[in-house]
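Residue-level structure breakdown
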Amino acid sequence: MERLSVWAPRVLSLLRIITALLFMEHGLMKLFHFPAAQPGAPDPLPPLLVAAAWLEVVGGGLLVLGLFTRPVAFILSGQMAVAYFLAHGGKGFWPALNGGEAAILFCFVFLYLVFQGPGEWSLDAQVRKRP
């Protein structure tokens, strides 16, 4: 198992990048209907969903790059907690039944990034290495 620890910072980076790309997709679907329109999203979007979509696109982009990872992840974790309670929590207790699984997963992966940081492959790590 010792050999696996060497890879931990890189795998953390992969977790951050893949999660951020998936997160960005939700915002792109809301704003630009790419790769398709978000199922169930009203058209036109209410201002709260427009703000959420821009957080998803811009925040997700910053996380892909690993730039300002901790503060951005903190904001996005909070966004997902709010999204869960506003959009899913009222539909029942069980996340598998109320459609809130993704919101919970995003919330806790982002919260993990707040504490763990961006990983080795990030602009944050490159800035820290500079003299």
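Parameters at a glance
- What you see as residue numbers is a count from 1 along each chain, following the sequence as written.
- Residue-level local features of this predicted model are given only where pLDDT is at least 70; pairs of side-chain atoms are given and counted only at 80 or more, and the full residue set underlies all totals for whole chains, interfaces and linings.
- With hydrogens and water set aside, each side-chain value is computed from the structure's full complement of heavy atoms.
- A pair is scored as a salt bridge if a Lys or Arg side-chain nitrogen falls within 4 Å of a carboxyl oxygen belonging to Asp or Glu.
- Numbered from the N terminus, helices here are DSSP runs of H or I no shorter than four residues, and strands are runs of E no shorter than two.
- We call a residue buried when its accessible area falls under 20% of the maximum for its residue type, exposed when it is over 50%, and partly exposed in between, using a 1.4 Å probe and counting protein chains only.
- As used in this record, nonpolar core signifies buried Ala, Val, Leu, Ile, Met, Phe, Trp, Tyr and Cys residues forming a set joined through side-chain atoms within 4.5 Å.
- Pairs of residues are marked as contacts when any of their non-hydrogen atoms sit within 4.5 Å.

Across all of its chains, the model carries two salt bridges by this definition. Between Glu120 and Arg10 there is a salt bridge, and its shortest N-O distance comes to 3.2 Å. With Glu120 in the loop between α6 (101-116) and α7 (123-129) and Arg10 in helix α2 (residues 8-32), this pair connects stretches of sequence that are 110 residues apart. Where Glu56 meets Lys30, a salt bridge forms, and the shortest distance between an N and an O atom there is 2.8 Å. Of this pair, Glu56 sits in helix α3 (residues 47-65) while Lys30 sits in helix α2, and the two are 26 residues apart along the sequence. Taking relative accessible area as the criterion, Glu56 reaches 4% and is therefore assigned buried. The exposure class of Lys30 is buried, given its relative accessible area of 13%.

Let's shift gears to the nonpolar core. The biggest cluster of nonpolar side chains holds 15 residues, and the ones touching the most others in it are Phe23, Leu63, Ala73, Leu76, Met80 and Phe110. Only α2, α4 (69-88) and α6 provide two or more residues apiece to this core. With six residues, α6 is the single largest residue contributor to this core. In this structure Met80 touches Phe23, Glu56, Ala103, Phe106, Cys107 and Phe110, once residues within four positions along its chain are discounted.

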